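Tertiary structure, described
Listed below, chain by chain, are the residues.
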Amino acid sequence: MPAELICFEPSCRATYPLNEVIYNCPKCGGLLEVKYPAPTQSAAELKKIFRERRMSNAKLDQSGVWRYRELFNFADDPETQVVTLREGNTPLLEAPRAAKYGGLDKVVFKHQGFNPTGSFKDNGMTCGATQARRLGMKRVACVSTGNTSASMAAYAAAGGLDPIIFIPHGNISYGKLAQALEYGAKTLQVEANFDQILALVRVLSEKMGIYLLNSINPFRIEGQKSIAIEMMDQRDWQVPDWIVLPGGNLGNVSALGKGLREMHEQGFIDKLPKLAVVQAEGAAPFYSYMKDQSAFVAVHHPETLATAIKIGDPVSWPKALLEITTSGGVVERVTEQEIADAKAVIGASGIGCEPASAATLAGIKKLTAAGVIAHDADVVAVLTGNVLKDPDYIYKYHTGQLDDPHGKRLTSSFGNAPIVVPNDPEKIAALLG
Ligand SMILES: *Cc1c(COP(=O)(O)O)cnc(C)c1O
Ligand SMILES: [Zn+2]
């Protein structure tokens, strides 16, 4: 039985060939996922192969995603099909200062900001772009103002595909948009909101044979599984108690959860870590849903300065629900102030990250205080994006000018403003003490 697409809805589970260009189940509208036959090698054999590949100069082995290709074996001819910028290979970083702030003895950050375009979107996009090439598509598109467009633009360019980006007019995040322009993406600003544009792009994609690379695309999820696989490889397959990550569209928690479940089923790891997803207070529909246990209700006007998680109607919530439930995990939400302060603490650890990523440490602080995460727990937090993605936010925080989405000034608890000094050694020496 070859790999195939399968409907995620338990009541449907219809299957489709891998080469069908669909993003939802044509029968029931459910999400799709990729299902594989189990690898032919044992977990022990594969662990050895994965480790040996770190010594290799071959492009597939050097990628921190494709090194683990047996666990998402959808490309029939990886040598010619794969589009790689040597993504993944992101470090595990210890941060004692951040641990103390979060109420933990120890915390380790898996820093996805070390990726080629500075976010974990690259882990998924290498697979999405590869599938586009397998399908013989010439053009790829996404709706985004952020990291997805930066990543898609880079991988499309590297893979000889034409990238088209749709962004809501007047809702631009310059650091990330700048990357997309530099990588040569055709960028269209539409007078509509994110959800309306997504609907528009779905119609256009079908009509014009453009391949859609939003996170609804199941092949992006497959690539993001590698974040969990590489993490386990780096830990010699020792499972942490908790993995904490920010949640927007909830594709990443779905990917990590799927990767961990598959590794567990195939004997790579002996238990599942608990997953904790942290949302921003103004964009926390999944938090509300898990708390109230009623119907899922979208947030119509999501608000947060952490633009990467400013999502009111997350497409992947049914998958995320399965992963949180299966792992015995939790969903937390944090305020703008909590995100801003946690971010400065991560920065002061010499690590740094973009605002959405800092929701992890802010969430850990709350979860340890509530006794949900024990102070001596083994915790890995996923920092999703690079510190330079949003310099405007950083400058405003450190100079006491950061306002929340309602215009309320945030407190720069760990502010570090530049100091203007006269050209005078005496005075500067006095100042420096
Ligand atoms: C995309 C993104 C997220 C949110 O991930 P989802 O899969 O949408 O939940 C968080 N942080 C950063 C930096 C991102 O780029
Ligand atoms: Zn279905």
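This is a predicted model, so every value here is computed, not measured. (Residues numbered from 1 in each chain as written. Chains lettered and ligands numbered in written order. Predicted model: local features only at pLDDT ≥ 70, side-chain atom pairs only at ≥ 80, totals over all residues. Heavy atoms only, no water.)

Here the focus is the pattern of salt bridges. Counted under the stated rule, the structure contains 23 salt bridges. The partner of Asp233 in a salt bridge is Arg51, and the shortest N-O contact between them spans 2.9 Å. Within this pair, whereas Asp233 is found in helix α9 (residues 218–234), its partner Arg51 is found in helix α1 (residues 43–53), the two being separated by 182 residues in sequence. Where Arg67 meets Glu230, a salt bridge forms, and the shortest distance between an N and an O atom there is 3.9 Å. Of the two residues, Arg67 is situated in the loop between α2 (59–62) and α3 (78–81) and Glu230 in helix α9; the sequence distance between them amounts to 163 residues. Residues Arg67 and Glu230 agree in their burial class; the two are buried. By sharing partners, the salt bridges in this structure join Arg51, Arg54, Asp233 and Asp236 into a single network. (Salt bridge = Lys/Arg side-chain N within 4 Å of Asp/Glu carboxyl O. Helix = DSSP H or I, 4+ residues; strand = E, 2+ residues; numbered from the N terminus. Buried < 20%, exposed > 50% of the residue type's maximum accessible area, 1.4 Å probe, protein only.)

To continue, consider the packing of helix α11 (residues 285–292) against helix α12 (residues 317–327). Two elements in contact, α11 and α12, have axes whose closest approach is 12 Å; the angle formed by their N-to-C orientations is 50°. As the angle between them shows, α11 and α12 are arranged oblique. Considering only the axes of α11 and α12, their crossing is right-handed. Contacts between α11 and α12 involve Phe286, Tyr289 and Met290 from the first element and Trp317, Ala320, Leu321 and Ile324 from the second. Here the contact of α11 with α12 is composed, by residue class, of seven nonpolar, no polar and no charged. (Axes fitted to C-alpha atoms, helices over the stretch in contact; angles between N-to-C directions. Parallel < 35°, antiparallel > 145°, perpendicular 65-115°, else oblique. Left-handed = near helix turned anticlockwise from the far one by under 90°. Contact = heavy atoms within 4.5 Å. Nonpolar A, V, L, I, M, F, W, Y, C, P; charged D, E, K, R; others polar.)

Every protein donor of the zinc ion (ligand 2) is accounted for by Cys7 (SG), Cys12 (SG), Cys25 (SG) and Cys28 (SG), and the metal-donor separations fall at 2.3 to 2.4 Å. Geometry at the zinc ion (ligand 2) is tetrahedral, judged from its four donor atoms and the angles of 96 to 115° they form at the metal. Read from N- to C-terminus, the donor residues coordinating the zinc ion (ligand 2) fall into the pattern C-x4-C-x12-C-x2-C. (Donors = N, O, S within 2.8 Å, 3.2 Å for Na, K, Ca; no water. Tetrahedral: all angles 85-135°; square planar, octahedral: opposite > 155°, others 65-115°.)

Further remarks concern the nonpolar core. Trp66, Phe72, Phe74, Tyr211, Met232, Met263 and Phe286 are the most contacted members of the largest nonpolar core, which totals 90 residues. Here this core takes six residues from α9, the largest share from any one element. Contact partners of Met263, with chain neighbours within four places excluded, come to Leu71, Ala228, Ile229, Met232, Trp237, Phe268 and Ile269. Counting residues in hydrophobic clusters, the runner-up holds 39 residues, among them Leu104, Ile339, Val379 and Leu383. (Core = buried A, V, L, I, M, F, W, Y, C linked by side-chain atoms within 4.5 Å.)

One open sheet holds the three strands; their spatial order is β2-β1-β3, and the pairing between them is antiparallel. The strands lining the two open edges of the sheet, one partner per strand, are β2 (15–17) and β3 (32–35). The average undirected angle you get between the axes of adjacent strands in this sheet is 35°. (Pairing = 2+ DSSP bridges.)

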